[in-house]
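Each chain is listed here by its residues.
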2 protein chains.
Amino acid sequence: MEYQEPLFFRVMQWAERADRDVVDMVSGNPDWGSPPAISEGLHEYADLGGDAFQYAPSPGLDDLREEIAARRGVDADRVVVTNGGGMANTLGMARALERDAGDEVIMTDPVYPYYPGKTTMLGGEQVFVPTERDGSLDPADVRDAAGENTACIIVNTPNNPTGKVYSEETLRELVAIAEAVDALLVVDEVYDHFDFTGEFTSALTFDSPNVVVTNSFSKTFAITGFRVGYAVFPEAHVDAAISRNMLTNVSTTRPGQYAVLHALRETDPDYYAESRALLENRVDAFTAALDEAGAEYSTPDGAFYVLAKFPGFPGTLENVRALIEDAGVAGMPGTGFGESKAEWIRFALVTPRVDDAAARLTDYFA
Amino acid sequence: MEYQEPLFFRVMQWAERADRDVVDMVSGNPDWGSPPAISEGLHEYADLGGDAFQYAPSPGLDDLREEIAARRGVDADRVVVTNGGGMANTLGMARALERDAGDEVIMTDPVYPYYPGKTTMLGGEQVFVPTERDGSLDPADVRDAAGENTACIIVNTPNNPTGKVYSEETLRELVAIAEAVDALLVVDEVYDHFDFTGEFTSALTFDSPNVVVTNSFSKTFAITGFRVGYAVFPEAHVDAAISRNMLTNVSTTRPGQYAVLHALRETDPDYYAESRALLENRVDAFTAALDEAGAEYSTPDGAFYVLAKFPGFPGTLENVRALIEDAGVAGMPGTGFGESKAEWIRFALVTPRVDDAAARLTDYFA
């Protein structure tokens, strides 16, 4: 499977070149605006100059690591600030694979396409475990796939593209499996602020020497372009992760770290609640339209994607293009996320025009 | 050899904990201040918000790639904007090593310590070629070391730590060697704005399918913390480099890219000339003091480091510590850069207190 971007670009180009207005539900860029403290933080930083413009420590600014650690209930020494969630996952997977503990990486199907792409880059082998139709993961399937050649198990909760939030019990069992086969369980929690169930469980709950948790401020603060994320490593692995971060990137951008730290300190809790509520309303409106259109779909527990399957209209590239040109709605073909969702189309609800898109889909399929 | 940072941190800790005033000549952070357009650019960016805060394209903002390409006389499609010069070198070396064209990386001794560190991280083997006492590199030595197992030759001009600027003829021969053995020649030109000879030659002069040039705005604009650099790849390798950049980091920080683009457009040429002149004056003052102290040294052609060897005082960790505590001057032990400079100490001239340091060294060794 190719990683996401070439497919993504092809779809985006169709949307841009279409001879009509198109609602973009392809990209995962938050549209609701950053909290004011992000801009304030950048303005503050811009006036500092001098020493403040020079290298941050490789693992991140001390104050930012402390702030993250306090929020996550871990020791600050375990936090590595990274160039976004992307580099956090790279570090976690690389650490898993470089231990001579096997070369297999277990991941779900459907999958966030960067995971298989990173696996190939890092010299590992993908092992796919199917999920249920609603996106839930049966730990027994992971147990069956795991063995002495398993270096890494990587999961994403709340999940892109299924919207599933894994239960505490599922995570507990995944941790136990990772410990049993000496794998690192990398849990990507970048959508943790967009949990509609109130039951999201962080893998940090389990305090295991086999768990790496990754996260990012890209979605939380609507700043995907800033590139500030982090990973929380077990004590035994954090030094190796910091070394790899240093040898790859030296350190993570300091203006971004400064702005994020300021935003963590100054942002009203309402900001998080309001963006979550906005997304919940969009889910309601969009899935109601899918009902009218006669589509099958799973209501997301979290994140901001809906997978839909329209009757007699599989999620092929051709059909995705037809939907752009004939209905004016652009989604991602399910094939981008693995074999199991080849019939489906993923719609990202990060546009204020969800209602327009819903109406267009209802008209098109009615 | 370890990469630089642990040694660097140890020396910095001695300097901080010393029971006296110490002039820091360890770190390579420019001290002369960024051009005003850097702050202006960040302020401008901070007010954009919304879409402008979202992902830049993986290879970099289009306008920034165009601006870099125009200055370097290359096609913009060959430019990959990276998380600093660090990631630019990572991409160049990784591309060299992933081609099944051997696993050896030829580098000089003394060497910028990240090169051997990155080589190990990427699964390659270091092959060291000694330089002359003044830092110059005899291409015949590289030719002797090169063979079918050579994947990469990496050099740095102007050079850290020797200050050498390689001649056009040296570079021409290095290009020919790389072509002869199908290696990628990675030329790290991050100090290109600090050439005191007026004879610096970029490896882009040779338009070879085997040349990757890396650079950064960290030193040029005194913004090591922003993390904006770039690599210029040959056509045949640029897509693979962009993929690796995407799979590792997704993209490079957009606030930093925006500020750099603004600074490239708005900065008066005097800024570059003034920082270069400032460094030349510091070189004069510092080497005059080294003469008085009876030290051996090589006058740098470029960059901002001086390697010095004091009579009966080899550049061991113990002596570096003694110099901090007894003379109040902190430098880097030569062992940090390879075996050949074990007797030497590297002083970074990026402090306004070069005169103080010079006087202290003169007193100490007089």
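Residues numbered from 1 in each chain as written. Chains lettered and ligands numbered in written order. Predicted model: local features only at pLDDT ≥ 70, side-chain atom pairs only at ≥ 80, totals over all residues. Heavy atoms only, no water.

Residues and elements named next belong to chain A. A contiguous patch of negative charge, built from D62, E66, D75, D77, E235 and D239, is present on the exposed surface. At the level of elements, helix 3 (62-72) and helix 8 (235-249) are the ones that each hand at least two residues to the negative patch. Turning to its location among the elements, E66 is positioned in helix 3. (Patch = residues over 30% accessible without salt bridge, like charges linked within 9 Å, V, L, I, M, F, W, Y side chains within 5 Å. Areas by Shrake-Rupley, 256 points an atom, 1.4 Å probe, with all protein chains shown as cover. Salt bridge = Lys/Arg side-chain N within 4 Å of Asp/Glu carboxyl O. Lys, Arg positive; Asp, Glu negative; His and termini not counted. Charge placed at Lys NZ, Arg CZ, Asp CG, Glu CD. Helix = DSSP H or I, 4+ residues; strand = E, 2+ residues; numbered from the N terminus.)

Quick look at the pairing of strand 5 (residues 150-156) of chain A now. All names here are of chain A. With respect to burial, strand 5 is a largely interior element, seven of its seven residues being buried. Of the pairings in the sheet, the one linking strand 3 (residues 104-109) to strand 5 comprises three bridges and is parallel in character. Along strand 5, the bridge assignment pairs V105 with C152. Across five bridges, strand 5 lies against strand 6 (residues 184-188) in parallel orientation. Within strand 6, the residue paired with V155 across the bridge is V187. Crossover handedness for the path strand 5 to helix 7 (residues 168-181) to strand 6: right-handed. (Buried < 20%, exposed > 50% of the residue type's maximum accessible area, 1.4 Å probe, protein only. Pairing = 2+ DSSP bridges. Right-handed = clockwise from strand over helix to strand, strands pointing away.)

Residues and elements named next belong to chain B. Read across the sheet, seven strands follow the order 2-8-7-6-5-3-4 without closing on themselves; strand pairing throughout is mixed. Two strands in the sheet have a free side with no partner beyond their single neighbour: strand 2 (79-82) and strand 4 (125-130). Across this sheet, the average inter-strand angle for adjacent strands is 25°, counted without regard to direction. Across the sheet, helix 8 (residues 235-249) touches strand 2 and strand 6 (184-188), and the angle it forms with strand 2 is around 20°. (Axes fitted to C-alpha atoms, helices over the stretch in contact; angles between N-to-C directions. Contact = heavy atoms within 4.5 Å.)

Turning our eyes to something else, we now look at the relation of the copies chain A and chain B. The operation relating the two chain copies consists of a rotation about an axis and a shift along that axis. You can overlay chain A on chain B at an RMSD of 0.0 Å; the transform is a turn of 180° with a shift of 0.0 Å along its axis. The transformation relating the two chain copies, once decomposed into turn and shift, fits a two-fold axis. Within chain A, H43 of chain A has its C-alpha nearest the rotation axis, a separation of 2.7 Å. Interface overlap between copies is the fraction of interface residues in one copy that are interface residues in the other; for chain A against chain B it reaches 100%, indicating a shared surface. (Least-squares fit on C-alpha atoms with pLDDT ≥ 70 in both.)

Listed under "domain: Aminotransferase class I/classII large" (unreviewed entry) in the UniProt record, and renumbered for this structure, are residues 21-357 of chain A. Secondary structure within residues 21-357 of chain A divides into 39% helix and 16% strand; the distance between the first and last C-alpha atoms comes to 11 Å. (UniProt positions renumbered as here; feature names shortened; annotations may be inferred.)

Bringing unusual backbone geometry into the picture now. Cis peptide bonds are those with omega within 30 degrees of zero, and the linkage from D109 of chain A to P110 of chain A qualifies with 10°. Position of P110 of chain A among the secondary structure elements: in the loop between strand 3 and helix 5 (114-121). In the segment running from N160 of chain B into P161 of chain B, the intervening peptide bond is cis, with an omega of 15°. The residue V250 of chain A is not glycine, and still its phi comes out positive at about 70°. Assignment of secondary structure puts V250 of chain A in the loop between helix 8 and helix 9 (254-266). Although it is not a glycine, D207 of chain B sits at a positive phi angle of roughly 45°. Note on placement: D207 of chain B falls in the loop between strand 6 and strand 7 (211-216).

This next bit is on the domain arrangement of chain A. Put simply, an interface is often sized by how much accessible area is lost when its parts join up. All names here are of chain A. Each assigned domain of chain A is listed here: domain 1 (4-34 + 270-365) and domain 2 (38-266). For domain 1 and domain 2, the distance between their C-alpha centres works out to 26 Å. At the junction of the two partners, domain 1 supplies 33 residues and domain 2 supplies 31 residues. Each partner contributes to the roughly 2,700 Å² buried at the junction of domain 1 and domain 2, and carbon and sulfur atoms together form 56% of this total. Area buried by domain 1 at its contact with domain 2 is led by Y272, D301 and F337, which between them contribute 24% of it. Seen at the junction of domain 1 and domain 2, the total is two salt bridges. The residue K164 makes a salt bridge to D301 at a minimum N-O spacing of 3.5 Å. Put simply, domain 1 and domain 2 have 16 residue pairs in polar contact (both at pLDDT 80 or more) between them. Broken down by class, the residue content of the side of domain 1 that touches domain 2 amounts to 13 nonpolar, eleven polar and nine charged. (Domains from an automatic or database assignment. Buried area = accessible area lost by both parts, 1.4 Å probe. Polar contact = N/O pair within 3.5 Å; in protein donor to acceptor, adjacent residues only side chain to side chain. Nonpolar A, V, L, I, M, F, W, Y, C, P; charged D, E, K, R; others polar.)

What follows deals with the interface of chain A and chain B. The interface of chain A with chain B comprises 44 residues on the first partner and 44 residues on the second. With both chains or domains summed, chain A and chain B bury close to 4,100 Å², and 56% of this area falls on carbon and sulfur atoms. At the junction of chain A with chain B, the criterion picks out zero salt bridges. When residues of the side of chain A that touches chain B are traced back to their parent elements, those giving at least two are helix 2 (36-46), helix 4 (84-97), helix 5, helix 8 and helix 9 of chain A. In terms of residue class, the side of chain A that touches chain B is built from 19 nonpolar, 18 polar and seven charged.

The next thing to look at is the sheet that holds strand 4 (residues 125-130) of chain A. All names here are of chain A. Read from one edge to the other, the open sheet built from seven strands follows the order 2-8-7-6-5-3-4, with strand pairing classed as mixed. Of all strands in the sheet, those bounded by a partner on one side alone are strand 2 (79-82) and strand 4. Taking the axes of each pair of neighbouring strands and ignoring which way they run, one obtains an average angle of 25° across the sheet. One ladder, built from four bridges, connects strand 6 with strand 7 (residues 211-216); its direction is parallel. By the bridge assignment for strand 7, V187 is matched with V213.

Attention now goes to helix 7 (residues 168-181) of chain B. Residue and element names in this part refer to chain B. Under the 1.5 Å per step criterion, the end-to-end length of helix 7 is 20 Å for 14 residues, consistent within 8% with the ideal 20 Å. For helix 7, the set of buried residues is T170, L171, L174, V175, I177, A178 and V181. For helix 7, the angular spread of buried residues about the axis comes to 160°, placing them on one side. Of the residues one or two after helix 7, D182 is the one with positive phi, at around 55°. (Expected span 1.5 Å × (residues − 1). Arc of directions from axis to C-beta.)

Right, let's get into the pattern of salt bridges. Note that side chains of opposite charge can pair when their charged atoms are close. Residues and elements named next belong to chain A. The tally for this structure, following the rule as stated, stands at 38 salt bridges over all chains. As a salt-bridge pair, E189 and R72 come within 2.9 Å of each other at their nearest N and O atoms. Taken together, the residues span a long stretch of sequence, with E189 in the loop between strand 6 and strand 7 and R72 in helix 3 at a distance of 117 residues. The buried category is assigned to R72, whose relative accessible area is 16%. The closest approach of N and O atoms between E98 and R244, which form a salt bridge, is 3.2 Å. You can see E98 sitting in the loop between helix 4 and strand 3 and its partner R244 sitting in helix 8, a full 146 residues away along the chain. With relative accessibility at 34%, the residue E98 sits in the partly exposed group.

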